[in-house]
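# Architecture at a glance
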Amino acid sequence: MFEQLKNTARLLLEQELHPIQGDRFQPTGFADLGAADYKRHDQTRMLLVESAQSVANRLEKTCLDGDGPRLHPDFNGLPYVVAKLSGATDAETSSLVEAHRINSPFIISNKKFQDDFLERSGYESGKPIAWNKVAQTLLYFDPNALIHGVFMANLKDGRVRLPRAITGFIEASDVMDAVSGGVKNNALDPSGKIRAKDYDKDVYGNVPYPRVEYTARCITAYFNLDLALIAGYGLPEPARELLVSLSLLKVRRFIASGLRLRTACDFAPVREIEVKSPTNFTLPGEAALLDKVRSCIAACAAAGLFATPAITLIETPVVKKEDARAATAK
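All values derive from a computational prediction rather than experimental measurement.

### A closer look at the overall build of the chain
- When helices and strands are tallied, the chain shows nine helices and 14 strands.
- Each principal axis of the C-alpha distribution contributes one length, and for the chain these read about 70 × 65 × 40 Å.
- Across the 330 residues of the chain, 45% fall into the buried class.
- Across the chain, every contact between residues at least 6 apart in sequence was considered, and the portion connecting residues at least 24 apart equals 73%.
- Per element, the accessible surface of the chain, about 17,400 Å² overall, is 51% carbon and sulfur.
- For the chain, the centre of its 41 positive side-chain charges and the centre of its 40 negative side-chain charges are spaced 3 Å apart.

### Quick word on the state of the cysteines
- Within the structure shown, the criterion is met by zero disulfides.
- With no disulfide of its own, cysteine 265 lies closest to cysteine 218 among cysteine sulfurs, the gap being 14 Å.
- Judged by relative accessible area, which is 0%, cysteine 265 ranks as buried.
- Residue cysteine 296 stays outside any disulfide, its sulfur separated by 6.3 Å from that of cysteine 300, the closest cysteine.
- Judged by its relative accessible area of 4%, cysteine 296 falls in the buried class.

### Description of the packing of aromatic side chains
- Applying the stated criterion across every chain yields a total of eight aromatic pairs.
- Measuring from centroid to centroid gives 6.5 Å for phenylalanine 2 and phenylalanine 281, while their planes differ by 35°, and the two rings are tilted. With phenylalanine 2 in the segment before strand 1 (10-19) and phenylalanine 281 in the loop between strand 13 (274-277) and helix 8 (286-302), this residue pair connects regions lying 279 residues apart in the sequence.
- By relative accessible area, which is 3% here, phenylalanine 281 ends up buried.
- Stacked on the ring of tyrosine 140, the Lys or Arg arginine 120 has its end atom at 3.8 Å from the ring centre.
- Seen from the ring of phenylalanine 151, arginine 161 lies directly overhead, with NZ or CZ sitting 4.0 Å from the centre.

### Points about the sheet that holds strand 5 (residues 80-87)
- Reading across from one edge, 6-5-14 is the order of the three strands in this open sheet, with mixed pairing throughout. The open sheet terminates on both sides in strands that have one partner only, identified here as strand 6 (92-94) and strand 14 (311-318). On average, adjacent strands in this sheet sit at an angle of 25° to one another, irrespective of strand direction.

### Thoughts on the pattern of salt bridges
- The final tally for this structure, using the stated rule, is 27 salt bridges.
- Between arginine 45 and aspartate 177 there is a salt bridge, with its nearest N and O atoms 2.7 Å apart. With a gap of 132 residues between them, arginine 45 in strand 4 (residues 45-50) and aspartate 177 in strand 9 (residues 166-184) connect regions that are remote in the sequence.
- When the shortest N-O distance is used, the salt bridge between arginine 260 and aspartate 266 registers 3.8 Å.
- For arginine 260, a relative accessible area of 53% corresponds to the exposed category.
- Overall, aspartate 266 belongs to the partly exposed group, its relative accessible area being 22%.
- Three or more residues joined by partner-sharing salt bridges are found here, namely Asp74, Arg253, Glu286 and Arg294.

Conventions we followed
- Residues numbered from 1 in each chain as written.
- Predicted model: local features only at pLDDT ≥ 70, side-chain atom pairs only at ≥ 80, totals over all residues.
- Heavy atoms only, no water.
- Helix = DSSP H or I, 4+ residues; strand = E, 2+ residues; numbered from the N terminus.
- Buried < 20%, exposed > 50% of the residue type's maximum accessible area, 1.4 Å probe, protein only.
- Contact = heavy atoms within 4.5 Å.
- Areas by Shrake-Rupley, 256 points an atom, 1.4 Å probe, with all protein chains shown as cover.
- Lys, Arg positive; Asp, Glu negative; His and termini not counted.
- Charge placed at Lys NZ, Arg CZ, Asp CG, Glu CD.
- Disulfide = S-S within 2.5 Å.
- Phe/Tyr/Trp six-rings, centres within 6.5 Å; stacked < 30°, edge-to-face > 60°.
- Lys NZ or Arg CZ within 6 Å of the ring centre and 35° of its normal.
- Pairing = 2+ DSSP bridges.
- Axes fitted to C-alpha atoms, helices over the stretch in contact; angles between N-to-C directions.
- Salt bridge = Lys/Arg side-chain N within 4 Å of Asp/Glu carboxyl O.

Structure (structure tokens):
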């Protein structure tokens, strides 16, 4: 399936998009900045519609069972770590939904898990890192950490840092403002003087507000799969093909069903996703990629590359911050 990708450093994909209705769309916004509006050197006005970090989150979600924290049954046998929290809450979380995955304090603070990770990876503070062993260990516990990257700042002296293998973002070119507005209505009392007795925050009354959306000549989603990074980990072939096929399956699923980014930002693909490099590669369909992922999962498990059972279950005691302070004071 991936013969054309041998000796290729990057797989570059582009997907042209358009608003599913009308012309307007609402881009991602940033605190103290708003929309990421900028110009190219030829003065074309550009807009970052969706950032790399946001697309990474959306790609991760394509394999979850609902919103997680567990995998969809399509991926039974693929390893990940589930942390059952006890004490202040009885919730559970996992390396699939936590920021920087296995580096989550709910996971890496578990001494038994941390000791196992250190032993398998050979990682020690102040000593050279055996990156191949680190990659093998991440593959063993959660291959998604190799796909989406991990920064293990909470482990020892915090030097384990692997970048994303798959990166995506959405840009719009030749954009123009679409200015409108609205009002939050209080049908009971537009002046806002009538208030709930026990809630005196200033949220009452009619509140008019401005709204800026955008139109664009062209909207494009870009994806970059770093094949050189994956090859550099020195993993066995079934593991390499798992990382490639799972990454591409996530892209396929995101394009097929994940393009409603916000209430006022809903896209559809204009045409089939385009392979920009290498040009002799044809991107397999979603069904074929899922079959490939499943066969790679089976091959990796048979080769002993995965944890057994695939889901590493740990328990992490948690407290509320004020409780922790009170306990320290005693």
